[in-house]
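Structural overview for review
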Amino acid sequence: MTGKRLGVGDYPLAETRPGEVRGARGLSLEDITLDAVIEGRVEMEDLRITPEALLQQAEIAEAAGRPALAANFRRASELTAVPQPVIMETYELLRPGRARDRQTMLAAAARLRDEFGARRMAEFVEEAAEVYERRGLFTFRY
């Protein structure tokens, strides 16, 4: 991106700055055309959202006065480095009645932090573990 702070007027980035939104291999949205796909110049990696794009969305959400949405985008930016099976395991633990106890959730949080550097997401899971314990949501139902 240009280095200037993003604001509400920059939403949606795909429309307002398609040349600046880039995939992991460096292709911009403008580079991803039907011809490029047919010619084999576009790979799946070019279609996946990047941490940078999610952080840009967080910046726009902050500018719009939506701090909770911005926090979600920041956590999502960390999850781009987490394998899909680990994301699904974590999602399952966050469903009330699925984690057996607080320690199970804390172990998942430690894994996110230690193996994948997902600090914000780990903090979210730790906070959920506290709330689940307070509200008695560890009862294994399924």
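Below is a summary of the structure that appears in this document. This is a predicted model, so every value here is computed, not measured.

What follows covers the nonpolar core. In this structure, L94, M105, L112, M121, V125 and Y132 are the most contacted members of the largest nonpolar core, which totals 18 residues. Elements with a minimum of two residues in this core: α6 (84–94), α7 (102–116) and α8 (119–135). Among the elements that take part in this core, α8 stands out by supplying 6 residues, more than any other. Every residue in contact with M105, bar those within four places of it in the chain, is listed here: L93, L94, A99, V125, A128, A129, Y132 and F138.

Take the side chain of D10 next. In this structure, D10 sits in the segment before α1 (13–16). Its relative accessible area of 9% is what places D10 among the buried residues. A polar contact is formed between the side chain of D10 and the side chain of R17, at a distance of 2.9 Å. Once residues lying within four places of it in the same chain are set aside, the contact partners of D10 are K4, R5, T16, R17 and I60.

A cis amide bond, omega -10 degrees, links Y11 with the succeeding residue P12. Here P12 shows up in the segment before α1.

Here we take up the pattern of salt bridges. Applying the stated criterion across every chain yields a total of 17 salt bridges. R111 is paired through a salt bridge with E89; the nearest N and O atoms lie 3.3 Å apart. Taken together, the residues span a long stretch of sequence, with R111 in helix α7 and E89 in helix α6 at a distance of 22 residues. Exposure remark for R111: the relative accessible area of 31% places this residue in the partly exposed category.

Okay, the packing of helix α5 (residues 67–79) against α8 next. For the pair α5 and α8, interaxial distance at closest approach is 7 Å and the crossing angle is 115 degrees. Contacts between α5 and α8 pair R74, R75, E78 and L79 from the former with R119, R120, M121 and F124 from the latter.

Moving on, we come to a nonpolar patch on the surface. Together, L34, V37 and I38 make up an exposed nonpolar region whose accessible area comes to about 320 Å². Considering the arrangement of structural elements, one finds V37 in helix α2 (residues 34–38).

All right, on to the environment of T139 then. Within the secondary structure, T139 sits in the segment after α8. The sequence separation of T139 and G97 amounts to 42 residues, and the corresponding C-alpha distance is 5.1 Å.

It is worth spelling out the environment of R17 at this point. Looking at the secondary structure, you find R17 in the loop between α1 and α2. Only 2.9 Å separates the side chain of R17 from the side chain of E20, close enough to count as a polar contact.

When two helices pack together, their arrangement is given by the angle between the helix axes and by the axis-to-axis distance. The contact between α6 and α7 brings their axes to 10 Å, and the two run at 150 degrees. Regarding the angle of α6 to α7, the classification is roughly antiparallel. Crossing of α6 over α7 shows left-handed handedness. Here V86, E89, T90, L93 and L94 of α6 come into contact with α7, specifically with T104, M105, A108, R111, L112 and F116. Among the residues forming the contact of α6 with α7, the class breakdown is 7 nonpolar, 2 polar and 2 charged.

Scoring rules and cut-offs
Residues numbered from 1 in each chain as written. Predicted model: local features only at pLDDT ≥ 70, side-chain atom pairs only at ≥ 80, totals over all residues. Heavy atoms only, no water. Core = buried A, V, L, I, M, F, W, Y, C linked by side-chain atoms within 4.5 Å. Buried < 20%, exposed > 50% of the residue type's maximum accessible area, 1.4 Å probe, protein only. Helix = DSSP H or I, 4+ residues; strand = E, 2+ residues; numbered from the N terminus. Contact = heavy atoms within 4.5 Å. Polar contact = N/O pair within 3.5 Å; in protein donor to acceptor, adjacent residues only side chain to side chain. Salt bridge = Lys/Arg side-chain N within 4 Å of Asp/Glu carboxyl O. Axes fitted to C-alpha atoms, helices over the stretch in contact; angles between N-to-C directions. Patch = residues over 30% accessible without salt bridge, like charges linked within 9 Å, V, L, I, M, F, W, Y side chains within 5 Å. Areas by Shrake-Rupley, 256 points an atom, 1.4 Å probe, with all protein chains shown as cover. Parallel < 35°, antiparallel > 145°, perpendicular 65-115°, else oblique. Left-handed = near helix turned anticlockwise from the far one by under 90°. Nonpolar A, V, L, I, M, F, W, Y, C, P; charged D, E, K, R; others polar.

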